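Okay, here's what each chain looks like letter by letter:
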Amino acid sequence: MKVAVIGCTHAGTAAIVETAKRYPDAEITVYERNDNISFLSCGIALYVGGVVKDAQGLFYSSPEKMKELGVKMHMLHDVTEIDIENHTLHVRDLQTDEQREDTFDKLIITTGSWPIVPKFEGIELNNILLCKNYNHSNTIMEKAQEAKNIVVIGAGYIGIELVEAFEEAGKQVTLIDMEERIMPKYLDPEFTAPVEASFQERGVNLALGEKVERFEGTDGNVQAVVTDKGHYDADLVILCIGFKPNTELFQGQLEMLDNGAIKVDEYMRTSHPDVMAAGDCCSILYNPTGEQVYIPLATNAVRMGTIAACNLKENRMRSLGTQGTSGIKIYEHHIASTGLTETAAAQLGMNAATSTLVDTYRPTFMPTAEPLTLKVVYEADTRRILGAQLASTIDLTPAINTMSVCIQNNMTIDELAVVDFFFQPHFNKPWNYLNAVALQTWNEAH
């Protein structure tokens, strides 16, 4: 069996390792246009902020490790054309410009995503950077050393992590986003407001609810970002607007979502039986709504890559979908979320209700008993849990993984009220906060 893999970041690395282990007689050929694999881009802000001293630590595999598994690794090779029906592909060596054709029996598409780059006026100016891969991280580190005024465009996780890192490095930082608040896809306003306050207390300029119109500069270098409401000095600009799937190569050959994400079933099989897809290039089942959506997360990618490899020959492992579970630490704020926010549920027209608990996480007779805020979103009619958010000044974020399981298994908030959790004063109260947030809404209903 000839297996071709296009792309080798998280999903690709997972798929290759599982394929090599599960099918020892398979001939596995990998085409990767970069010179490295498995880079954890979520660690770029940690590298910029000095928490991670060596970016090499953000790699968890290498071409050499893959070769030890018997895999044919073609780094710096770009697949330029593919004929899925005839099982052929054309590839170009980016170093020598040599081109050749290859064939495959099975194809695993793990081409990932790429940052969205709108066609702003002045986008060609120097020092306007992306934040995605290893080379980007090194360029950001180099340019940031000399920069005084740094503008980050995009207030998602990556953007605000960079803002924190730059502010702590003593830079004057401006954060621009067209939305009225930070992290709107992941959190409701009561969870984002405290983080915004922390930024403002430290001198970060929040330009929220503003649309970028153009970049200005002299001698080819950016000097300012102009929005519909303001003008911001900038020696360095980082674009963190979002990501789009890298799937142009497969247009017209595979079924896709409107944004170009390849549609896959629960076994990671595409609309062609010999083609699997995994990771940021494809769709995934979102359990809170039951819809196929685009959620580019490394956690989704490694699961999907492994599942795709397991099912190359026959369906063996089924994906359980995702809740889009994620977490972040900004200054003293430890925050995690899973599933739908109240805002998102309303935008979808769902009849959702919420229960919010503000309490200490353990008994007040303990030496410390830090506060937490926990919010659960649920369907008003069925009481099915749709989402949850948690914030505290200490790390309680693993509790959101429990809530993710609740959503995945269609639990109701009434069932959550009486789930068996341990009690130990170091960690919680006799009524665990996950019980307590559900119990208060049960009492209201009964």
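Residues numbered from 1 in each chain as written. Predicted model: local features only at pLDDT ≥ 70, side-chain atom pairs only at ≥ 80, totals over all residues. Heavy atoms only, no water.

A. Up close: the overall build of the protein chain. When helices and strands are tallied, the protein chain shows 11 helices and 25 strands. Here the C-alpha radius of gyration of the protein chain, 23 Å, is about what a compact globule of 446 residues would show, namely 22 Å. If one aligns the C-alpha atoms of the protein chain with their principal axes, the spans along those axes are about 70 × 60 × 40 Å. Residues counted as buried form 54% of the 446 residues belonging to the protein chain. When contacts within the protein chain are restricted to residue pairs at least 6 apart in sequence, those whose partners lie at least 24 apart make up 63%. Taken as a whole, the protein chain presents about 20000 Å² of accessible surface, with 48% of it coming from carbon and sulfur. The centroid of the 35 positive side-chain charges in the protein chain is displaced by 4 Å from the centroid of its 60 negative side-chain charges. (Helix = DSSP H or I, 4+ residues; strand = E, 2+ residues; numbered from the N terminus. Rg over C-alpha atoms; globule rule 2.2 N^0.38 Å. Buried < 20%, exposed > 50% of the residue type's maximum accessible area, 1.4 Å probe, protein only. Contact = heavy atoms within 4.5 Å. Areas by Shrake-Rupley, 256 points an atom, 1.4 Å probe, with all protein chains shown as cover. Lys, Arg positive; Asp, Glu negative; His and termini not counted. Charge placed at Lys NZ, Arg CZ, Asp CG, Glu CD.)

B. View of the pairing of strand β21 (residues 326-330). Burial along β21 is one-sided: the residues S326, I328 and I330 are buried and none of G327 and K329 is. Two elements, β21 and strand β22 (residues 333-339), share five bridges in a ladder whose sense is antiparallel. Of the residues in β22, the one forming a bridge with I328 is I335. The antiparallel hairpin formed by β21 and β22 contains two residues in its connecting segment, where Y331 sits at a positive phi of about 55°. (Pairing = 2+ DSSP bridges.)

C. Representation of empty space enclosed by the protein within the structure. Within the structure shown, the criterion is met by one cavity of 30 Å³ or more. The calculated volume of the largest cavity comes to roughly 30 Å³. Forming the walls of the largest cavity are L357, D359, T360, Y361, K429, W431, N432, Y433 and A436. When contributions to the lining of the largest cavity are tallied by element, the ones reaching two or more residues are β23 (352-360) and α11 (433-445). (1 Å grid on protein atoms, 1.4 Å probe; cavity = no way out; pocket = protein on both sides within 12 Å on 5 of 7 lines; lining within 4 Å. Points joined across faces, edges and corners; volume = space filled by probe spheres on them.)

D. Representation of the side chain of Q323 within the structure. Within the fold, Q323 resides in the loop between α7 (298-310) and β21. Taking the relative accessible area as the measure of exposure, Q323 reaches 3% and is therefore buried. Of the polar contacts made by the side chain of Q323, one reaches the side chain of N287; its length is 2.6 Å. Q323 has contacts with Y286, N287, P288, T338, G339, S404, I407 and Q408, leaving out every residue within four places of it along the chain. (Polar contact = N/O pair within 3.5 Å; in protein donor to acceptor, adjacent residues only side chain to side chain.)

E. The arrangement of the layout of surface pockets in detail. The calculated volume of the second largest pocket comes to roughly 240 Å³. Around the second largest pocket, the lining is made up of 17 residues, and of these N300, R303, G321, T322 and Q408 lie nearest the centre. Listing elements by their share of the lining of the second largest pocket, those giving two or more residues are α7 and α9 (398-408). Top element by residues in the lining of the second largest pocket is α7. It accounts for five residues. Residues that form the lining of the second largest pocket fall into these classes: five nonpolar, 10 polar and two charged. (Nonpolar A, V, L, I, M, F, W, Y, C, P; charged D, E, K, R; others polar.)

F. Main features of the pairing of strand β10 (residues 149-153). Of all five residues in β10, four are buried; the element is thus mostly enclosed. With five bridges joining them, β10 and strand β11 (residues 172-177) adopt parallel strand pairing. Considered in β11, the bridge of I150 is made with V173. Considered for its hand, the β-α-β crossover made up of β10, helix α5 (residues 157-168) and β11 is right-handed. Bridging between β10 and strand β16 (residues 236-239) involves four bridges; their strand directions are parallel. When the bridges of β16 are listed, I150 appears paired with L236. (Right-handed = clockwise from strand over helix to strand, strands pointing away.)

G. Summary view of the sheet that holds strand β12 (residues 205-208). On the basis of which strands lie adjacent, the open sheet formed by five strands has the order β9-β16-β10-β11-β12 and parallel pairing. The sheet is open, and its two borders are formed by β9 (128-130) and β12, each paired with just one other strand. Adjacent strand axes in the sheet meet at a mean angle of 20° when their direction is disregarded. The sheet contacts of α5 involve β10, β11 and β16, and relative to β11 the element is tilted by about 165°. (Axes fitted to C-alpha atoms, helices over the stretch in contact; angles between N-to-C directions.)

H. Fine view of the environment of L439. As for its placement among the helices and strands, L439 is situated in helix α11. Put simply, L439 and T111 are 328 residues apart on the chain and 45 Å apart in space, counted from C-alpha to C-alpha. Apart from residues lying up to four places away in sequence, L439 is in contact with A417 and W431.

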